[in-house]
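If you want the building blocks of each chain, they are given just below.
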Amino acid sequence: MEEKASKLLILYASQTGNALDAAERILREAERRSCPVVLRSMDDYDVRSLPHEDTVIFVDSTTGQGDIPDSMKVFWRYLLQRNLSTCWLGGICYAVFGLGDSGYQKYNFVAKKLDKRLADLGATAVIERGLGDDQHPSGYEGALDPWMSSLWKMLYQMNPKFLPNGPDFFIPDMNLIDQPKVQITYHDVHKVYSELSTASSMKSFEVQIENTRSMYPGKLSNKKSRPECFLKMIKNQQLTRANCGKDVRHLEFEFVSSSIEYEVGDVLEILPGQNPTAVDAFIQHCNLDPESYITVHPRVLGSQHLETRSNASKFPIKLRKFVELTMDVASATPRRYFFEVMSFFATAEHEKERLQYFASPEGRDDLYQYNQKERRTVLEVLKDFPSVQMPFEWLVQLVPPLKTRAFSISSSNLAHPNQVHVTVSVVSWTTPFKRKRWGLCSAWLAKFDTKQSIYIPAWINKGSLPAPPSSVPLVLIGPGTGCAPFRGFIEERAMQRLSVATAPVIFFFGCRKEEDDFLYRDFWLSHAQNDGVLSETKGGGFYVAFSRDQPQKVYVRHKMREQGQRIWNLLLEGASIYVAGSSTKMPSDVMSVLEEIVSKEGGVPRESAVSWLRTLEKAGKYHVEAWS
């Protein structure tokens, strides 16, 4: 019999980086207790080796509507194989910590499914699964802190060899803080030779992005290093009335590199540009030389096994360009560990004490009020603690990565072969201290001048709304910017009608006021008339609810109830239901109304209606794409 691994294994699956942050936190706490530990991404681990492990900690996030992170899909498919016996994992112990948002219907769905499947395969739980919630006042750490405390106690009881000095033993932090996970090499600018000197500016930019982002440690997906395409904005149209309190834009882009074919329901991901002034301010504050050329390499520490990614960079990159393309210095909020490391480099005693308090369990709630609730940026935090001079290696490791932003595509490739359109709501809010904040990407795009020749790096991915066959009737529900993907659906079906017969489409849209935010008004009305896709003469329908145009509020759910019989008739004809929009209450409200309609029109009890709709979902005829 093969000997069990002698190290605690932490496997994580992260879509945006939060699960990786949580996994690294568990790893640091394990190392501080002299626990031998290995950290791996699920897509960097051979799942067939799982039965040979001793104890495994799983950390995963739930994305969208109960979706599994991309890095977990192969791992999860293997676990679902029917030929795996109920004792396949009979020899291992495990614990699961999930990250989710209770504002979504399928809160922490992935962690719950994984926990059940591991138990079904014979594994023994060390501790009840932990569920981190973005809605908690302290974010996921509100659940992670007490869960970890229980984990070490239970782990020690089950297998003392992992914690030879007991669960309460703690190595002083200074012994672990001496080296970051990355090392930076500085190059003599006169010796730096670039093969791109004769390349086109777009090709040069493409290679710069790939080189720079492939050097970034750990948190960027390999496929996000090289852009799939570059876009040029050709139209920037405000859809909402000026000064109405909302700024929603219709943006059109041309492919300026190779054209990428896409389907309706796909998602466009854009790498946003950062404010040059903020980038320069960060570099200046940290006493860095923006003109220096650097390469970034991973460093392996002691017992820790870091996730390794191929360093595809052949050429050094300018430090300023590295910061600009990888480090979110003026938008993202730093994690708690950032404050912990800062405390070691603070030379002013009062700053050191405050940072140590913020990094402690006792200071967690006050840190939340100062940091997360105010959405302070890295640059702002550094300016608040001027005595801190953190080495660049630590900054590279700890500054949140500059992430791509995803937008539902609102065009049809059939109607616009060399273009892609998106609908963007400019994100803005006021903090508790009355400071105005703006979303990095949406504000950047809204200010774009179409006369500028700026190449925008982009990727196209599958979303949660698969493209429907032309023969399938559709019930579309998309209030607010949830209408975005359905503009593409309608364009596509209008093009399909030129060559084949198409099934009916009904669309429910909602907004506050007809004069303020009736997005794409002329587009919908044109397709609802003159035998258009949404016209009643073609079996379709367009129903809009204006919630604030009358004393009594009217929402999409009210319009759905009015058209209950039409919805039911289309469902009997094999219709698919598509829902898009805000993740707060809308998806559950829509589902509740559909349960009412199926129960009333089908003459069945509510419980049977719930079961009927669940069957529809399992058959791939009920799709939801929601965002917070």
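Everything numeric in this text was worked out from a predicted model, so none of it was measured. (Residues numbered from 1 in each chain as written. Predicted model: local features only at pLDDT ≥ 70, side-chain atom pairs only at ≥ 80, totals over all residues. Heavy atoms only, no water.)

**Topic: the overall build of the chain**
Rules: Numbering goes from the N terminus for both helices and strands, where a helix is a DSSP run of H or I of at least four residues and a strand is a run of E of at least two. C-alpha atoms define the radius of gyration, and 2.2 Å times the number of residues to the power 0.38 defines the globule rule. Think of it in three bands: with a 1.4 Å probe and only protein chains considered, a residue is buried below 20% of the maximum accessible area for its type, exposed above 50%, and partly exposed in between. Here, residues are in contact when the closest pair of their heavy atoms is within 4.5 Å.
Helix and strand counts for the chain stand at 20 helices and 22 strands. Over its C-alpha trace the chain gives a radius of gyration of 26 Å, about what one expects of a compact globule, namely 25 Å for 628 residues. Each of the three principal axes of the chain carries a C-alpha extent, and together these read 75 × 60 × 50 Å. With 628 residues in all, the chain has 55% of them scored as buried. Sequence-distant contacts, at least 24 apart, represent 79% of the contacts inside the chain between residues at least 6 apart.

**Let's talk about a positive patch on the surface**
To keep things clear, this is the line we draw: Patch membership requires over 30% relative accessible area and the absence of a salt bridge. Like charges are linked within 9 Å, and nonpolar side chains (Val, Leu, Ile, Met, Phe, Trp, Tyr) within 5 Å. Methods summary: accessible areas were calculated by the Shrake-Rupley approach with a probe of 1.4 Å, and residue burial reflects only the protein chains presented. Should a side-chain nitrogen of Lys or Arg be within 4 Å of a carboxyl oxygen of Asp or Glu, the pair is scored as a salt bridge. In this charge count, Lys and Arg are treated as positive and Asp and Glu as negative; neither His nor the chain ends contribute. Note on charges: their place is set at NZ of Lys, CZ of Arg, CG of Asp or CD of Glu.
A cluster of basic residues, Arg512, Lys513, Arg548 and Lys553, forms a positive patch at the surface. Among the structural elements, Arg512 can be located in the loop between β19 (505-511) and α15 (514-517).

**Re the side chain of Asp328**
Note the following rule: As used in this structure description, the phrase polar contact means that two N or O atoms lie within 3.5 Å; if the pair is within protein, one of them must be able to donate a hydrogen and the other to accept it, and residues adjacent in sequence are counted only when both atoms belong to side chains.
Of note, Asp328 is situated in the loop between α7 (319-326) and α8 (336-345). Among the polar contacts listed, one links the side chain of Asp328 to the backbone nitrogen of Ala332, at a separation of 3.3 Å. Residue contacts for Asp328: discarding those within four places in its chain leaves Gln274, Val378, Val399, Pro400, Pro401, Leu402, Arg405 and Leu440.

**Some points on the domain arrangement of the chain**
Put simply, the rule reads: As annotated, the domain borders come from an automatic or database domain assignment. Accessible area that two parts lose when put together, with a 1.4 Å probe and added across both, is what the buried area reports.
Domain annotation of the chain identifies domain 1 (8-171), domain 2 (174-300 + 314-463) and domain 3 (474-626). On a C-alpha basis, the centres of domain 1 and domain 2 stand 28 Å from each other. In this assembly, domain 1 packs against domain 2 so that about 1500 Å² is buried in total across both faces, 41% of it on carbon and sulfur atoms. By the criterion of area lost to domain 2, the three top residues of domain 1 are Arg28, Arg32 and Ser138, representing 27% of everything that side buries. Linking domain 1 to domain 2 there are 6 salt bridges. With its nearest N and O atoms 3.0 Å apart, the salt bridge here joins Arg364 to Asp145. At the surface where domain 1 touches domain 2, the tally comes to 6 residue pairs in polar contact (both at pLDDT 80 or more). Looking at the side of domain 1 that touches domain 2, the elements with two or more residues in it are α1 (18-31) and α4 (141-158). Tallying contributions element by element places α1 first for the side of domain 1 that touches domain 2, with 7 residues.

**Re the pairing of strand β2 (residues 37-41)**
The following threshold applies: At least two bridges found by DSSP between two strands is the condition for calling them paired. Handedness is read with the strands pointing away from the viewer; a crossover is right-handed when the path from the first strand over the helix to the second is clockwise.
In terms of burial, β2 is a largely internal element, 4 of the 5 residues being buried. For strand β1 (residues 8-13) and β2, the ladder comprises 5 bridges, and the chain directions are parallel. By the bridge assignment for β2, Leu8 is matched with Val37. Running through α1, the crossover from β1 to the neighbouring parallel element β2 is right-handed.

**Let's talk about the sheet that holds strand β14 (residues 419-425)**
Convention followed: Here the axes come from fitting lines to C-alpha atoms, over the contacting stretch only for helices, and the angles between their N-to-C directions go from 0 to 180 degrees.
Overall, antiparallel pairing links the 6 strands, which are arranged β13-β10-β17-β8-β9-β14 in an open sheet. If you trace the sheet from one side to the other, it starts and ends with β13 (405-408) and β14, each paired once. Strand-to-strand twist of the sheet, defined as the mean angle between neighbouring strand axes without regard to direction, takes the value 40°. Bridge count between strand β8 (residues 229-238) and strand β9 (residues 248-255): 7 bridges; the pairing is antiparallel. Each residue of the ladder has a partner; that of Lys235, found in β9, is Glu252. Most of the contacts of helix α5 (residues 201-215) go to β8, to which it runs at about 105°, and overall it touches β8 and β17 (456-461).

**Regarding the packing of helix α6 (residues 276-285) against α7**
Stated formally: Orientation is classified from the angle alone, with under 35 degrees giving roughly parallel, over 145 giving roughly antiparallel, 65 to 115 giving roughly perpendicular, and any other angle giving oblique. Helix crossings get a hand from a simple test, with the near helix turned counterclockwise from the far one by less than a right angle marking a left-handed crossing and a clockwise turn marking a right-handed one. In the scheme used here, Gly and all other residues not listed as nonpolar or charged are polar, with Ala, Val, Leu, Ile, Met, Phe, Trp, Tyr, Cys and Pro taken as nonpolar and Asp, Glu, Lys and Arg as charged.
Between α6 and α7, whose axes approach to 10 Å, the crossing angle comes to 120°. Between α6 and α7, the angle falls in the class oblique. Of the two elements, α6 crosses α7, and the hand of that crossing is right-handed. Contacts from Pro276, Val279, Asp280, Phe282 and Ile283 in α6 reach Leu319, Arg320, Val323 and Glu324 in α7. Counted by class, the contact of α6 with α7 contains 6 nonpolar, no polar and 3 charged residues.

**Thoughts on the environment of Asp589**
Relative to the helices and strands, Asp589 resides in helix α19 (residues 586-602). For the pair Asp589 and Val556, spaced 33 residues apart in sequence, the C-alpha separation works out to 9.4 Å.

**Notes on the UniProt feature "binding site: FAD" (unreviewed entry) in the chain**
Our working rule: UniProt positions are given in the numbering used here, feature names are shortened, and annotations may be inferred rather than shown by experiment.
Under the present numbering, the feature "binding site: FAD" (unreviewed entry) in UniProt falls on Arg375, Arg405, Ala406, Phe407, Ser408, Gly439, Leu440, Cys441, Ser442 and Trp627. Maximum C-alpha separation among the annotated residues is 25.4 Å over a sequence range of 253 residues, too wide for a single clustered spot. Tracing the sequence through the fold places Phe407 in strand β13. Phe407 sits in the buried class, given a relative accessible area of 12%. Among all residues touching Phe407, those that are not within four sequence positions of it are Asp266, Val267, Leu268, Ile270, Val422, Thr423, Val424, Cys441 and Leu445. Contacts of Leu440, omitting those with residues within four sequence positions, involve Pro272, Gly273, Asp328, Ser331, Leu402 and Arg405.

**Topic: the sheet that holds strand β22 (residues 622-627)**
Strand order in the open sheet formed by 5 strands is β20-β19-β18-β21-β22, and the pairing between neighbours is parallel. Sheet topology places β20 (541-546) and β22 at the edges, where each strand pairs with a single neighbour. Taking the axes of each pair of neighbouring strands and ignoring which way they run, one obtains an average angle of 10° across the sheet. Pairing geometry for strand β18 (residues 474-477) and β19, over 4 bridges, is parallel. Bridge assignment links Ile477 to a residue of β19, and that residue is Phe508. Together, β18, β21 (576-582) and β22 form the strand contacts of α19, whose direction differs from that of β21 by roughly 150°.

**Comments concerning the confidence of the model for the chain**
Predicted coordinates in areas of low pLDDT are best not read in detail. What counts, and what does not: Think of pLDDT as the predictor's per-residue confidence, scored from 0 to 100.
Of all residues in the chain, 93% have pLDDT values of 70 or greater, and the mean over the chain is 89. Low pLDDT, under 50, characterises residues 195-199; the predicted model gives this stretch 3 contacts beyond four residues in sequence or across chains.

**Focus on empty space enclosed by the protein**
Using a probe with the size of a water molecule, rolled over the atoms, empty space left in the structure can be pinpointed. Applicable threshold: Lining residues are those with an atom within 4 Å of a point, where the points come from a 1 Å grid over the protein atoms alone and group into cavities, where a 1.4 Å probe fits but cannot get out, or pockets, open sets with protein on both sides within 12 Å along at least five of seven lines. Grid points are joined across faces, edges and corners, and a volume is the space filled by probe spheres set on the points.
According to the stated counting rule, one finds 2 cavities of 30 Å³ or more in the structure shown. Counted as a void, the second largest cavity has a volume near 40 Å³. His285, Cys286, Leu382, Val388, Gln389, Met390 and Leu395 are the residues that line the second largest cavity.

**Description of a nonpolar patch on the surface**
Together, Leu414, Met495 and Leu498 give the surface a local cluster of nonpolar side chains, amounting to about 310 Å² of exposed area. Counting through the fold element by element, Met495 comes out in helix α14 (residues 484-496). The class of Met495 is partly exposed, set by a relative accessible area of 32%.

**Looking at the state of the cysteines**
Where we set the bar: Disulfide: a pair of cysteine sulfur atoms within 2.5 Å of each other.
On inspection of all chains with the given rule, the structure shows 0 disulfides. Unpaired in terms of disulfides, Cys35 finds its nearest cysteine sulfur in Cys93, a separation of 13 Å. Taking relative accessible area as the criterion, Cys35 reaches 2% and is therefore assigned buried. Cys511 takes part in no disulfide bond, and the closest cysteine sulfur, belonging to Cys483, lies 9.2 Å away. With relative accessibility at 8%, the residue Cys511 sits in the buried group.

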